[in-house]
Amino acid sequence: MSELDTPDTSMLDALESDLAAKIDAAADEGALDEVRVAALGKKGAISEKMKTLGKMTPEERQILGPALNGLKARVTDAIAARKSVLKEQALEARLSSETVDVTLPVRPGPSTEGRIHPVSQVIDELTAIFADMGFSIAEGPDIETDETNFTALNFPEGHPAREMHDTFFFPEKEDGGRLLLRTHTSTVQIHMMREQEPPLRVIIPGRTYRCDSDQTHTPMFHQVEGLVIDKGSHIGHLKWILEEFCKAFFEVDEIKMRFRPSFFPFTEPSMEVDIGCSFAGGEVKIGEGDDWLEILGCGMVHPNVLRNCGLDPDVYQGFAWGMGIDRIAMLKYGMPDLRAFFDADLRWIKHYGFRPLDMPTLFGGLSA
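The structure displayed is predicted, hence computed values, not measured ones.

About the cut-offs
Residues numbered from 1 in each chain as written. Predicted model: local features only at pLDDT ≥ 70, side-chain atom pairs only at ≥ 80, totals over all residues. Heavy atoms only, no water. Helix = DSSP H or I, 4+ residues; strand = E, 2+ residues; numbered from the N terminus. Phe/Tyr/Trp six-rings, centres within 6.5 Å; stacked < 30°, edge-to-face > 60°. Buried < 20%, exposed > 50% of the residue type's maximum accessible area, 1.4 Å probe, protein only. Polar contact = N/O pair within 3.5 Å; in protein donor to acceptor, adjacent residues only side chain to side chain.

## Some details on unusual backbone geometry
Link 1 in the chain: For the bond running from P198 to P199, omega is 5 degrees, close enough to zero to count as cis.
Link 2 in the chain: Tracing the chain through its elements places P199 in the loop between α8 (187–195) and β4 (200–209).
Link 3 in the chain: In this structure, P269 follows E268 across a cis peptide bond, with omega equal to 0 degrees.
Link 4 in the chain: One can find P269 in strand β7 (residues 267–278).
Link 5 in the chain: Despite not being glycine, N154 shows a phi value in the positive range, around 75 degrees.
Link 6 in the chain: Mapped onto the elements, N154 comes out in the loop between α7 (146–149) and β3 (179–181).
Link 7 in the chain: The phi dihedral of E251 is positive, around 55 degrees, even though this residue is not glycine.
Link 8 in the chain: In this fold, E251 is placed in the loop between α9 (235–250) and β6 (257–264).

In structure tokens, the structure reads:
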């Protein structure tokens, strides 16, 4: 049993007093950094206590979670304030000993000013969630062949579904073949099934490309694909995985989901998934209300796709799902325009970006 098994915050007060005294006593930035590592580093005092949250009951987390996050924030602010004082003292000492006129302020370091892009943050969140379920991370090339991007995924030549993808094709080669920028991360499914023996449990985050641009579409965007291939996998497993993912990602205890019939060439049956939400007051709130929002597409892997990868559909079956990383980032963090993700506007990234030390974890909170 850990010392945080009961909702008693008195030891946090004592820890805060001890850290505050050490921060005030730090004589230079080196000493202050030692205090920071001892408090907020990977094995720091506060970090170790954050790790115990996952073992607590919901009632204990409700009390100690905010208390620990508040302590973390206050210690971070106190370190930053002390660092500013030490910088001023060091500058004054330098000016008093040198004749050079140093009038420009020292620029803040990358750990203070730097920001993690929301897409990178959401990919880290997805990785944390699915890794906890036992999934591996797979990657593949951005440049693919027509065969791996379409034909192997059950898009026959001339199939109208090919026209839905607005593909960026490279110039035709002498043999008539053409390379292209992949239109979905589903291409990596083909590589995985051809290169590895089942069972497979992977997620595939990455860049994709389509000739489209408006408020919710850009020529380059990000998708995450999930794939499970096994002898006994079935649609019940798929529904459970998606439900647990949505609850963890949107950080809600319960969520309503509905599965609607749809069509994708590479899955049969195919479904689109809606989650329950509320649009009241012009704000999307997940996990409450009577409205619905489409979030992703999924289905059982088509037998033709299994055959195209050298797998016997009478022996193996599986399921897959895919969603837009940029769009779920917009939904979770309230970003109105997808194009702003790629404008390189420093004001935007300072507003929506994440601090480098805000690493998403399931026990500490994905967006804490």
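Now that the structure has been shown, the text picks up again.
## Some thoughts on the packing of aromatic side chains
Link 1 in the chain: A complete count under the given rule lists 14 aromatic pairs for this structure.
Link 2 in the chain: Ring centres 5.1 Å apart and planes at 75 degrees place the aromatic pair Y333 and F354 in the edge-to-face group. On the criterion of sequence distance, the pair formed by Y333 in helix α11 (residues 325–333) and F354 in the segment after α12 (346–352) is long-range, its members being 21 residues apart.
Link 3 in the chain: Look at F354 and you get buried, because its relative accessible area is 11%.

## Focus on the environment of R182
Link 1 in the chain: Structurally, R182 is set in the loop between β3 and α8.
Link 2 in the chain: Classification of R182 by relative accessible area gives buried; the value is 2%.
Link 3 in the chain: Each C-alpha atom, one on R182 and one on T148, is 9.0 Å from the other, the two residues being 34 residues apart in sequence.
Link 4 in the chain: Only 3.4 Å separates the side chain of R182 from the backbone oxygen of P141, close enough to count as a polar contact.

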